[in-house]
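# Coordinates in review
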Amino acid sequence: MIHDQSDERIRHSTQDHSPSGDSAAEAASGADQQLLRVCSVLAHELRNPLNVIQASADMMNPKSDAELHLQSSLRNQVERMTHLVDDLLDMSRSTSGKFQLRCEPVDLKVIVQSAVQNMSSMLTSHQQSLELLIDDQPCWVNADAYRVSQVLINLLSNASKYSGEGTQVRLEVSRQNALIEIRVIDEGIGIEPDLLPDIFDFFAQSTSRVSLEHREGRLGIGLGLVKSIVEMHDGSVQVRSGGPGCGSEFVVRVPACEPVDRPSNNTNELSMDMQRSYRVLVVDDRRDNEFIVRSLVAKLGEHDVRSAHNGSAAIAALESFVPEIVIMDLGLPDITGLELAREIRKIDACRETFLVALTGYDDNRLRQEASSAGIDLYRLKPVSIDMLKEVFLHPQLMNRELMTG
Ligand code: ADP
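Not measured: the values here are computed from a predicted model.

### Quick look at the overall build of the protein chain
Assigned secondary structure in the protein chain consists of 14 helices and 12 strands. Here the protein chain holds 405 residues, and the buried ones make up 49% of them. Counting only contacts in the protein chain whose residues sit at least 6 apart along the sequence, the fraction spanning at least 24 positions is 74%. By element, 51% of the accessible surface of the protein chain is carried by carbon and sulfur atoms, the whole surface being about 19,600 Å².

### Thoughts on the side chain of S94
Tracing the sequence through the fold places S94 in helix 4 (residues 65-95). According to the relative accessible area criterion, S94 is buried, its value standing at 19%. If we skip the residues at most four places from it in the chain, S94 touches F99, F202 and S228.

### Looking at the sheet that holds strand 11 (residues 354-359)
With parallel pairing, five strands are arranged side by side in an open sheet as 9-8-10-11-12. The sheet is open, and its two borders are formed by strand 9 (304-308) and strand 12 (377-380), each paired with just one other strand. Direction aside, the axes of adjacent strands within the sheet are offset by 20° on average. Alignment of strand 10 (residues 325-328) against strand 11, held across four bridges, turns out to be parallel. Opposite I325, over in strand 11, you have F354 as the bridge partner. The sheet contacts of helix 10 (residues 311-320) involve strand 8 (279-283) and strand 9, and relative to strand 8 the element is tilted by about 165°. Strands strand 8, strand 10, strand 11 and strand 12 of the sheet are contacted by helix 13 (residues 385-392), whose axis makes an angle of about 175° with strand 12.

### Re the packing of helix 10 against helix 11 (residues 337-346)
The interhelical angle for the contact between helix 10 and helix 11, taken along N-to-C directions, is 15°, at an axis separation of 10 Å. Regarding the angle of helix 10 to helix 11, the classification is roughly parallel. Crossing of helix 10 against helix 11: the hand is right-handed. Of the residues in helix 11, those touching helix 10 at G311, A314, I315 and L318 are L340, E343 and I344. The class makeup of the residues in the contact of helix 10 with helix 11 is five nonpolar, one polar and one charged.

### Brief notes about the sheet that holds strand 6 (residues 236-241)
What the five strands build is an open sheet, ordered 2-4-5-7-6; its pairing is mixed. Only two strands of the sheet have a single neighbouring strand rather than two, namely strand 2 (129-134) and strand 6. Each neighbouring strand pair of the sheet contributes to a mean axis angle of 15°, computed without reference to strand direction. With respect to the sheet, helix 5 (residues 108-125) is in contact with strand 2, strand 4 (168-176) and strand 5 (179-186), its orientation differing from that of strand 2 by roughly 175°.

### As for the state of the cysteines
Enumeration according to the criterion identifies zero disulfides in this entry. Among the cysteines around C103, which has no disulfide bond, C257 carries the closest sulfur, lying 10.0 Å off.

### Some thoughts on the pattern of salt bridges
In this structure the tally under the stated criterion is 22 salt bridges. Measuring nitrogen to oxygen at the nearest pair gives 2.9 Å for the salt bridge that ties R345 to D376. Remark: D376 occurs in the loop between helix 12 (364-372) and strand 12 and R345 occurs in helix 11; sequence separation between them is 31 residues. By the burial criterion, R345 is buried, and D376 matches it. Each of R47, D86, D90, R93, R147, D362 and R367 takes part in salt bridges that share partners, so that together they form one network.

### Some remarks on the packing of aromatic side chains
This model, assessed by the stated rule, comprises two aromatic pairs. The interplanar angle of 90° and the centroid separation of 6.1 Å between the aromatic rings of F200 and F250 together place this pair among those described as edge-to-face. One end of the pair, F200, is in the loop between strand 5 and helix 7 (209-212); the other, F250, is in strand 7 (residues 248-255), with 50 residues separating them in the sequence. Take F200 and F250: they sit in the same class, and that class is buried.

### Notes on the nonpolar core
Counting 42 residues, the largest nonpolar core has L108, L155, L171, I199, F250 and V252 as the members making the most contacts within it. At the level of elements, helix 5, strand 3 (140-143), helix 6 (145-161), strand 4, strand 5, helix 8 (222-232), strand 6 and strand 7 are the ones that each hand at least two residues to this core. Broken down by element, the residue count for this core peaks at eight residues, all from helix 5. If we skip the residues at most four places from it in the chain, I199 touches I191, A204, L223, V239 and F250. Among the nonpolar cores identified, the runner-up in size contains 25 residues, and V326, M328, L338 and L366 belong to it.

### Looking at the site of the ligand
Near the ligand lie 23 residues; those nearest to it are N158, Y162, Q205, R218 and L219. Here S206 contributes a backbone N or O atom positioned 3.0 Å from an oxygen atom of the ligand. Between the ligand and S248, the relevant distance is 3.3 Å, taken from a nitrogen atom to a side-chain nitrogen or oxygen of the residue. Burial of the ligand by the protein chains amounts to 98% of its free accessible area of 530 Å². Those elements giving two or more residues to the shell around the ligand turn out to be helix 6, helix 8 and strand 7.

### A short note on the environment of Y361
Looking at where Y361 falls in the secondary structure, it is placed in the loop between strand 11 and helix 12. Judged by its relative accessible area of 4%, Y361 falls in the buried class. Each C-alpha atom, one on Y361 and one on Y378, is 9.8 Å from the other, the two residues being 17 residues apart in sequence.

Definitions and cut-offs
Residues numbered from 1 in each chain as written. Predicted model: local features only at pLDDT ≥ 70, side-chain atom pairs only at ≥ 80, totals over all residues. Heavy atoms only, no water. Helix = DSSP H or I, 4+ residues; strand = E, 2+ residues; numbered from the N terminus. Buried < 20%, exposed > 50% of the residue type's maximum accessible area, 1.4 Å probe, protein only. Contact = heavy atoms within 4.5 Å. Areas by Shrake-Rupley, 256 points an atom, 1.4 Å probe, with all protein chains shown as cover. Pairing = 2+ DSSP bridges. Axes fitted to C-alpha atoms, helices over the stretch in contact; angles between N-to-C directions. Parallel < 35°, antiparallel > 145°, perpendicular 65-115°, else oblique. Left-handed = near helix turned anticlockwise from the far one by under 90°. Nonpolar A, V, L, I, M, F, W, Y, C, P; charged D, E, K, R; others polar. Disulfide = S-S within 2.5 Å. Salt bridge = Lys/Arg side-chain N within 4 Å of Asp/Glu carboxyl O. Phe/Tyr/Trp six-rings, centres within 6.5 Å; stacked < 30°, edge-to-face > 60°. Core = buried A, V, L, I, M, F, W, Y, C linked by side-chain atoms within 4.5 Å. Near = heavy atom within 4 Å. Polar contact = N/O pair within 3.5 Å; in protein donor to acceptor, adjacent residues only side chain to side chain.

If you want it as structure tokens, here you go:
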């Protein structure tokens, strides 16, 4: 396990975060808090190796079909592992009452389309087809889009995982008076009657021989998260199955809301001009991470990239180099990334510098502290070329450029 002092500083700061005023969290048992701590540390430690693998895949220049296949397998595996890490952390958050939603009116049809897209490679690799039946009526919900998409992906990936090749998965979305109903129906191995009542409990899993053959990535967390998320949206989830061999059906119901007219935030409308050259400072004490970020930035275009391996070297670099973008780890050996951000903001020439935290710590309180310290974006490892593209084309960065000329 990778362990260094800088990680320890941030770790203490995340441990100290008591969920002020949150009665569910106050009621959480010491064991749940301990589990949350272990999962946070584990998630952080796993994000560093994932960072290296993701970046290596992105750096590959495939020249043959075999290399292309290898690159796509690497990316798929990193995505799966990142998903498992996220699920593990979410489970511990939901049991310790630290799970938070960011709800707003969203068009469920848009979330469904992106979840379906997300699932297409899994379905194709299992030679399964997806039938999508979507109501003509508006299907808007007041929801956290990310979490709703997590619900859909967990149900769809189970439908695929627990079904054989050549079967069909059906996804139906309809409006039923004041509710939106989502049905995920498969023709798979089905569920034994004695598992049905407990299936939404964390770690409830079938021990049947047929089910054990479908071991791929089984943690026993997915349905527990589905239930927690759906109930936090004032909804419900039910399961039906005719028994082994008869397929399964999961039904989610959440309250509908009125559609909202919002100007589209179409990223295609953004200038995709990656020719613009930026001065970029990368701050990370881990040289493999620093090398990865530098290499990926270089892949994006002709940028002037410098690096620093601790806070004081970063501040010294600012004397001669006024970066437009700083990409920084939060656990540095001398000062924390938050202290570094505050120092950078004190320098007149760097008031408009776009500050991006790149960290293994998925922690809401730390996110808020980062924002108060002047950090513009908070992104989780593993870093990928797509993530950096999003940073370099971020509307906030572009608006600043327009303002400063
Ligand atoms: P995991 O799939 O990682 O074991 P989940 O919480 O998603 O965890 O599911 C719990 C258990 O419920 C699974 O292990 C499996 O036994 C059963 N299950 C879930 N979805 C299905 C499905 N669509 N068909 C058959 N069994 C399922």
